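Structural characterization, general
Below are the chains, spelled out letter by letter.
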Amino acid sequence: MAPILVSPDSQEWISLLTALLIGIGFGFALEQAGFSSSRKLAGMFYGYDTTVLKVFFTATIVALIGSQLLSYFGLLDLDMVFVNHFYVLPAILGGVIMGAGFVMGGFCPGTGFSALSIGKIDALFYILGGLTGAWLFAELYPLISGFANSGYKGPAKINEWLGVSPALFSLILIIIAIGMFWLAEKAEKKYARPDITKEL
Amino acid sequence: MKRKPYMNPYLAGTLLGLVLLSAMFFSGRGLGASGGIKYCVVSVVGAISENHVQASPYYGQYFEEGKKPLKTWLSFEVLGMLLGGFISGALSGRLGIKIERSPKISNKRRLFFAFLGGLFFVFGAQLARGCTSGAALSGMAVLSTAGFVTMVAIFGSGYLFAWFFRKNWI
């Protein structure tokens, strides 16, 4: 039963080759979506282009439903799939700092790589800034490790916190997503600007 | 070559979701991007000063038992991302060296804010244990509370700060 490449017997090179192939798919999908353009991405925060929301929530739902179906049919052991560990305040403050970085730079790290891969110089500067940010964090770690490791809740799941089954939570998420897609389509009409696709 | 239009967002989202699902299925994990940046920094610092790395509990953890930070799943995945993006750009006629910016701002201003944005984003991602890919997208797909909280914090803060940086975009 999957996941297959987490067992200690699996060969390291197979795991790394899989990572490379999955990365190719990831980079391809981001670029096709238009995430190689900062002006398109930033549209999310000004309402003129909501591609980010549509792609992001469609992808979440496909992976969420897909993994639960695979688990239901006994093909995937979800207990073996990594669940992010929750550190309450670091997750919130980290997210707030990331949001500020998003509107300053117009990229998140993944979309920065996407834009760099097709030759955008601004994305190169973004990634250089990112390297600097990771380096600053590493050097400052002794000073901030207390806060960075505070409020640890383990691999907490949101549906368990709300006391509902994964299936019910997924259904609620789908309904919320459809509502947001509808709003997004309306926002794009309301905040429409002249088409800039040719300039990107 | 003529530029092709971008893929329909719902179709691109489905494709991205299937890529994430394959990562979960084959490797038992989600996607990531900021982690690759971290491994790159850790590796460079390790090459420059072994003493500095050994004295630091932060850097030290990535070199325990002879581990190599660049020989990791995330580093290879990020390398793949650059390849995949290049293939997509080549097939769609979107390759080209350029600085993308609003016509209202200078190249210098665009590059300065791009650098600063990257610095903030990746610093924040270290605190939150992941960025939009590793924490928000992959986290939400496994129903992790951290994923949902990080997603709301990233986008909420983006809207909060959007007014201050509007000149860069609109």
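Residues numbered from 1 in each chain as written. Chains lettered and ligands numbered in written order. Predicted model: local features only at pLDDT ≥ 70, side-chain atom pairs only at ≥ 80, totals over all residues. Heavy atoms only, no water.

**Side note on the nonpolar core**
Within the largest apolar cluster, 93 residues are counted, with the highest numbers of intra-cluster contacts made by Phe45(A), Phe57(A), Leu16(B), Leu31(B) and Phe155(B). Top contributing element to this core by residue count: helix α3 (residues 51–72) of chain A, with nine residues. In this structure, this core is formed jointly by two domains, domain 1 (1–96) and domain 2 (100–170) of chain B, each of which donates at least three residues. (Core = buried A, V, L, I, M, F, W, Y, C linked by side-chain atoms within 4.5 Å. Buried < 20%, exposed > 50% of the residue type's maximum accessible area, 1.4 Å probe, protein only. Helix = DSSP H or I, 4+ residues; strand = E, 2+ residues; numbered from the N terminus. Domains from an automatic or database assignment.)

**A word on unusual backbone geometry**
All names here are of chain B. Positioned with a positive phi, Arg-129 is a non-glycine residue whose angle comes to about 60 degrees. When you line up the elements, Arg-129 lands in the loop between α6 (107–128) and α7 (132–141). On the accessibility criterion, Arg-129 (31% relative accessible area) is partly exposed.

**Looking at the layout of surface pockets**
Empty pockets left among the atoms are what a rolling probe the size of a water molecule brings to light. Of the voids in this model, the largest pocket is the one considered here, and its volume is about 1,200 Å³. Residue assignment for the lining of the largest pocket shows that the elements contributing at least two residues are α6 (121–148) of chain A together with α1 (9–27), α2 (34–48), α5 (73–91), α6 and α7 of chain B. Considering each element in turn, the lining of the largest pocket owes the most residues, four residues, to α2(B). In the lining of the largest pocket, the residues fall into 19 nonpolar, 14 polar and seven charged. (1 Å grid on protein atoms, 1.4 Å probe; cavity = no way out; pocket = protein on both sides within 12 Å on 5 of 7 lines; lining within 4 Å. Points joined across faces, edges and corners; volume = space filled by probe spheres on them. Nonpolar A, V, L, I, M, F, W, Y, C, P; charged D, E, K, R; others polar.)

**Considering the packing of aromatic side chains**
One pass over the structure, following the stated rule, counts 24 aromatic pairs over all chains. Seen in terms of ring centroids, Phe181(A) and Tyr10(B) are 5.1 Å apart; in terms of plane orientation they differ by 75 degrees. Their pairing is edge-to-face. You can see Phe181(A) sitting in helix α8 (residues 166–190) and its partner Tyr10(B) sitting in helix α1, one on each of two chains. Feature note: the residues Phe45(A), Phe56(A), Phe57(A), Phe102(A), Phe121(B), Phe155(B) and Tyr159(B) constitute an aromatic cluster, connected by ring pairs. Here Lys38(B) stacks its cationic end above the ring of Tyr39(B), 5.1 Å away from the centre of that ring. Sitting over the ring of Trp163(B), Arg166(B) keeps its end group 4.2 Å from the ring centre. (Phe/Tyr/Trp six-rings, centres within 6.5 Å; stacked < 30°, edge-to-face > 60°. Lys NZ or Arg CZ within 6 Å of the ring centre and 35° of its normal.)

**Examining the packing of α2(B) against α5(B)**
Residues and elements named next belong to chain B. Contact geometry of α2 with α5 gives a least axis separation of 8 Å together with a crossing angle of 110 degrees. On the basis of their axis angle, the class for α2 and α5 is roughly perpendicular. Taken as a pair, α2 and α5 cross one another with a handedness that is left-handed. Across the interface between the two elements, Gly-35, Gly-36 and Tyr-39 from α2 touch Leu-74, Ser-75 and Val-78 from α5. Looking at side-chain class alone, the contact of α2 with α5 contains three nonpolar, three polar and no charged residues. (Axes fitted to C-alpha atoms, helices over the stretch in contact; angles between N-to-C directions. Parallel < 35°, antiparallel > 145°, perpendicular 65-115°, else oblique. Left-handed = near helix turned anticlockwise from the far one by under 90°. Contact = heavy atoms within 4.5 Å.)

**Let's talk about the domain arrangement of chain B**
All names here are of chain B. Assigned domains within chain B: domain 1 (1–96) and domain 2 (100–170). Computed from C-alpha atoms alone, the centre-to-centre distance between domain 1 and domain 2 is 17 Å. With 11 residues of domain 1 in contact, the opposing surface of domain 2 contributes 11 residues. Taking both sides of the interface into account, the surface hidden between domain 1 and domain 2 amounts to around 740 Å²; carbon and sulfur atoms contribute 72%. The three residues of domain 1 that bury the most area against domain 2 are Leu-20, Leu-31 and Ser-34, which together make up 50% of that side's buried surface. At the boundary of domain 1 and domain 2, one finds zero salt bridges. Taken together, the connections running from domain 1 to domain 2 amount to one residue pair in polar contact (both at pLDDT 80 or more). Every element with two or more residues in the side of domain 1 that touches domain 2 is listed here: α1 and α2. Taken together, the residues of the side of domain 1 that touches domain 2 sort by class into seven nonpolar, three polar and one charged. (Buried area = accessible area lost by both parts, 1.4 Å probe. Salt bridge = Lys/Arg side-chain N within 4 Å of Asp/Glu carboxyl O. Polar contact = N/O pair within 3.5 Å; in protein donor to acceptor, adjacent residues only side chain to side chain.)

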